[in-house]
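Observations on the three-dimensional arrangement
These are the residues of each chain, in order.
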Amino acid sequence: MAEMGQVGFDPDELRQRYRQERDKRVRADGVDQYHDLVGPLAHHAATDPYVEPGFTRDPVLDETDVAIIGGGFSGLLAAARLIGEGVTDFRIVEAGGDFGGTWYWNRYPGAQCDTDAYCYLPLLEELGYMPKEKYSYAEEIFAHSRRIGEHFELYDRTLFQTRVSTVRWDDGEQRWRIETNRNDDLRARFVVMALGPLSRPKLPGVPGIEDFEGPSFHTSRWDYGVTGGDTNGGMTKLADKKVAVIGTGATAIQVVPRVARDAEHLYVFQRTPSTVGWRGNVATDPEWFASLQPGWQRERRENFANYSMGRPPEVDLVDDAWTEIFRAISSPKGADRPKTREERDRVVELQDFTKMEELRRRVAETVTDAATAEALKPYYRVMCKRPTFNDEYLPAFNQPNVTLVDVSDSKGVERITATGVVANGVEYEVDLIVYASGYHVTNDVERRMGVEVVGRDQVQLADHWADGRKTLHGFMTRGFPNWLSIGPSQNAFSVNMTSMFDEQAIHVAWLVAETLRREATVLEPTAEGQQAWCDVIEDMAPPPGGFLAQCTPGYYNQEGVDTTNIFLGAYTPGLAAFTRLLEEWRANGEMDGLELS
Ligand code: NDP
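Turning our eyes to something else, we now look at the packing of aromatic side chains. Following the criterion strictly, the structure yields 34 aromatic pairs and no others. On the basis of an interplanar angle of 65° and a centroid distance of 5.8 Å, the ring pair of Phe-304 and Phe-326 is categorised as edge-to-face. With Phe-304 in helix H12 (residues 296–308) and Phe-326 in helix H13 (residues 321–329), this residue pair connects regions lying 22 residues apart in the sequence. You'll find Phe-304 and Phe-326 in the same group, each marked buried. Judged by centre distance (6.1 Å) and plane angle (45°), the rings of Trp-533 and Phe-578 are tilted.

And the structure:
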């Protein structure tokens with residue numbers, strides 16, 4: 001209580017409340033509570049609503065230097081950076097009917113980038129493109145993916161509507177063999193996995209999902225045939241419909257205000273409330289944009305990444321609710337710098353409580369019904385879940401046609417019936433169910449990627465990594481020659497995913513080009529090089545029982561059950577430091593830790 005006078009809250013009480021909120025949500029089945037899409041939803045996911053039905057083509061048999069699996073931003077960046085290195089003999093294989101990845105599939109109403117567009121949209125300087133607003137909406141982001149495809153002439157090199165099932169190393173031919181759902185036989189010297197970390201939608205394992213007789217879909221497969229309108233709104237077919245949205249993560253926060261605007265009634269089923277910070281979207285000032293100097297995008301991205309790593313530079317270039325959070329929870333510097341780790345942890349925890357109190361106050365000041373406001377208040381530390389930012393979400397709960405249903409006590413909705421959703425023993429009859437239930441993000445490689453990877457001696461990647469990831473810099477693993485992967489994996493994570501993808505794409509492209517320049521056939525980590533990198537990552541691993549273990553469950557902490565090795569082992573000094581490390585490694589020219597043959 002001594003501290004309460006100084007900070008306006010009792011840290012012990014908050015600590016206890018956070019523990020209670022966590023404990024009541026942890027489920028013994030952890031990540032197994034989630035299922036792949038089933039029944040009509042699976043059919044819906046397998047069929048692409050954005051292309052003409054019935055597409056067929058003859059199987060393709062060809063050989064290229066590189067096969068890029070995935071045509072989202074990571075695949076597009078890999079292609080752009082390969083071209084930059086002079087490697088032009090490559091193919092992209094993409095499941096969707098166009099480029100864009102997550103922005104191809106996610107066209108739900110209100111879909112928007114949650115980080116600053118000047119950081120998020122890749123290759124702005126190369127393409128000379130000025131984002132319309134500080135936070136771009138889905139349409140603009142999807143159009144930007146297409147712009148990259150056109151600029152680098154990638155359309156002719158891409159097999160769209162093609163899902164890769166297996167990539168298999170053929171040691172005799174020293175080639176990767178790529179199998180697809182269109183019976184292609186693609187061969188490539190190098191394979192670049194660019195699947196995106198959030199590409200496989202999941203459903204809560206709730207009984208009865210297949211019994212619902214009305215329409216239902218996952219947010220990543222929004223069916224405007226059912227709702228009317230488009231990603232910008234105008235869902236006129238909802239005017240006489242009762243709609244259930246299950247889930248209140250980053251996606252639902254964007255969906256809810258739009259459905260609330262158009263539906264007769266909206267029930268929002270919430271297990272854990274998200275933090276909802278201010279957004280303050282503004283149109284881009286053309287004069288400011290024209291004044292930016294070459295190299296500005298990388299500088300801005302690094303500035304933002306440094307904020308996120310608790311090393312705020314003097315000038316906050318992005319200056320938004322994200323950097324406000326990072327500033328609020330960074331350990332004090334200079335004369336105020338805590339002397340010990342314990343002292344630092346205590347100070348940062350207090351700062352975190354203060355920030356969360358502010359976010360809880362925002363709920364209380366916005367939502368008029370006291371019980372609803374109370375249920376919408378998040379009780380956990382601010383980075384336990386992806387923070388969200390929206391100026392319309394909380395006010396939506398003041399509308400008479402919106403009801404919040406808190407399902408935290410029962411660890412989720414109980415059941416789906418033919419006509420509705422059961423929660424807390426009550427059946428809510430609805431005409432449409434929207435699952436905003438997220439994506440498979442697990443340490444289980446196969447479940448996460450959905451592609452079988454088979455290396456030398458027929459070893460499966462899932463078995464190879466059964467006892468933990470083993471990589472050099474997160475990109476390559478021994479026994480899987482010429483296999484390169486882009487995404488979070490024993491490397492530096494950034495909340496602005498595309499900065500991370502771009503730095504990785506630059507490195508991957510260099511590795512491929514350098515192997516070709518040196519006229520080698522096979523590039524692979526040495527056992528020692530790989531071990532040395534695993535040791536670096538191991539030394540950076542948070543102690544068991546640390547920050548994430550105390551968080552409410554979610555995909556950040558493997559649903560609170562297995563809190564080790566989340567983010568697949570991170571290089572904690574952050575993106576800017578990792579980028580410097582890779583730049584120095586490349587400049588050194590020794591290809592330390594890799595062998596060429
Ligand atoms: P999340 O996994 O973040 O959220 C899933 C939601 O479903 C959670 O609220 C979860 O509750 C809820 N849920 C799961 N099971 C049940 C159940 N049985 N009953 C009731 N509720 C349930 O998925 P999202 O799609 O919202 O977001 C995933 C990620 O996608 C984000 O974290 C972000 O990284 C990214 N994203 C990025 C955007 C951008 O602008 N760049 C926009 C949107 C998403 P609980 O929390 O209790 O598990």
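Structurally, Ala-117 can be placed in helix H6 (residues 117–120). In the structure, Ala-117 is positioned 261 residues away from Pro-378 in sequence and 27 Å away in space, judged by C-alpha atoms. The residues contacting Ala-117, other than those within four sequence positions of it, are Leu-124, Pro-131, Glu-133, Lys-134 and Ser-136.

All right, on to the environment of Val-31 then. The residue Val-31 is located in the loop between helix H2 (11–23) and strand E1 (34–35) in this model. When its relative accessible area of 21% is taken as the criterion, Val-31 is described as partly exposed. With 523 residues separating them in the primary sequence, Val-31 and Gly-554 have C-alpha atoms 8.9 Å apart.

What follows concerns helix H10 (residues 250–262). At Val-256, H10 is bent by approximately 30°, the largest bend along its length, and proline Pro-257 sits one to four residues beyond. Burial within H10 is extensive, with 11 of its 13 residues counted as buried. Along H10, the residues that are buried comprise Thr-251, Ala-252, Ile-253, Gln-254, Val-255, Val-256, Pro-257, Arg-258, Val-259, Ala-260 and Asp-262. Residues of H10 that are buried sit in contact with strand E10 (242–246), strand E11 (265–270), strand E12 (276–277), strand E13 (388–389), helix H16 (393–396) and strand E14 (402–406).

Examined at the domain level, the protein chain breaks down into domain 1 (2–35 + 203–275 + 342–435) and domain 2 (61–200 + 442–596). In this structure, domain 1 and domain 2 have C-alpha centres spaced 31 Å apart. Contact residues are listed per partner, giving 33 residues for domain 1 and 28 residues for domain 2. Counting the surface domain 1 buries against domain 2, the share from its top three residues, Arg-22, Gln-254 and Arg-386, is 25%. Applying the counting rule to domain 1 against domain 2 returns one salt bridge. Between Asp-114 and Arg-386 there is a salt bridge, with the nearest N and O atoms lying 2.8 Å from each other. Linking domain 1 with domain 2 are 12 residue pairs in polar contact (both at pLDDT 80 or more).

Bridge count between strand E15 (residues 415–416) and strand E16 (residues 420–423): two bridges; the pairing is antiparallel. Bridge pairing links Arg-415 to Val-422 in E16. The turn joining E15 and E16, which pair antiparallel and follow one another in sequence, is formed by three residues. Here four bridges tie E16 to strand E17 (residues 426–429), and the two strands are oriented antiparallel to one another. Opposite Val-422, over in E17, you have Glu-427 as the bridge partner. As consecutive antiparallel partners, E16 and E17 are separated by two residues, and within that stretch Asn-424 has a phi angle of approximately 50°, a positive value.

This part covers the site of the ligand. Surveying the vicinity of the ligand reveals 26 residues, the closest of which are Gln-112, Asp-114, Thr-251, Thr-272 and Tyr-555. One of the backbone N or O atoms of Gln-112 is found 2.5 Å from an oxygen atom in the ligand. In the model, an oxygen atom of the ligand is placed 2.9 Å from a nitrogen or oxygen of the Arg-271 side chain. Compared with its free state, where it exposes 920 Å², the ligand has 90% of that area covered by protein. Here the shell around the ligand gathers at least three residues from each of two domains, domain 1 (2–35 + 203–275 + 342–435) and domain 2 (61–200 + 442–596).

This brings us to the sheet that holds E16. Sheet architecture is open: three strands sit in the order E15-E16-E17, paired in antiparallel fashion. Every interior strand has two partners, whereas the edge strands, E15 and E17, have only one.

This part takes up the packing of H12 against helix H21 (residues 575–588). One can describe the packing of H12 onto H21 by two numbers: an axis separation of 8 Å at closest approach and a directional angle of 125°. In terms of orientation, H12 lies oblique with respect to H21. Along its contact with H12, which presents Arg-298, Glu-302, Ala-305 and Asn-306, the element H21 presents Leu-575, Ala-576, Thr-579, Arg-580 and Glu-583. Tallied by class, residues from the contact of H12 with H21 come to three nonpolar, two polar and four charged.

The next thing to look at is the packing of helix H19 (residues 497–517) against H21. The interhelical angle for the contact between H19 and H21, taken along N-to-C directions, is 10°, at an axis separation of 11 Å. When the interaxial angle is binned, H19 and H21 end up roughly parallel. Within the contact between the two elements, H19 uses Ser-499, Met-500, Glu-503, Ile-506, His-507, Trp-510 and Leu-511 and H21 uses Leu-575, Thr-579, Leu-582, Trp-585 and Arg-586.

What counts as what
Residues numbered from 1 in each chain as written. Predicted model: local features only at pLDDT ≥ 70, side-chain atom pairs only at ≥ 80, totals over all residues. Heavy atoms only, no water. Phe/Tyr/Trp six-rings, centres within 6.5 Å; stacked < 30°, edge-to-face > 60°. Helix = DSSP H or I, 4+ residues; strand = E, 2+ residues; numbered from the N terminus. Buried < 20%, exposed > 50% of the residue type's maximum accessible area, 1.4 Å probe, protein only. Contact = heavy atoms within 4.5 Å. Bend = angle between axes of the 7 residues up to and from the residue. Domains from an automatic or database assignment. Buried area = accessible area lost by both parts, 1.4 Å probe. Salt bridge = Lys/Arg side-chain N within 4 Å of Asp/Glu carboxyl O. Polar contact = N/O pair within 3.5 Å; in protein donor to acceptor, adjacent residues only side chain to side chain. Pairing = 2+ DSSP bridges. Near = heavy atom within 4 Å. Areas by Shrake-Rupley, 256 points an atom, 1.4 Å probe, with all protein chains shown as cover. Axes fitted to C-alpha atoms, helices over the stretch in contact; angles between N-to-C directions. Parallel < 35°, antiparallel > 145°, perpendicular 65-115°, else oblique. Nonpolar A, V, L, I, M, F, W, Y, C, P; charged D, E, K, R; others polar.

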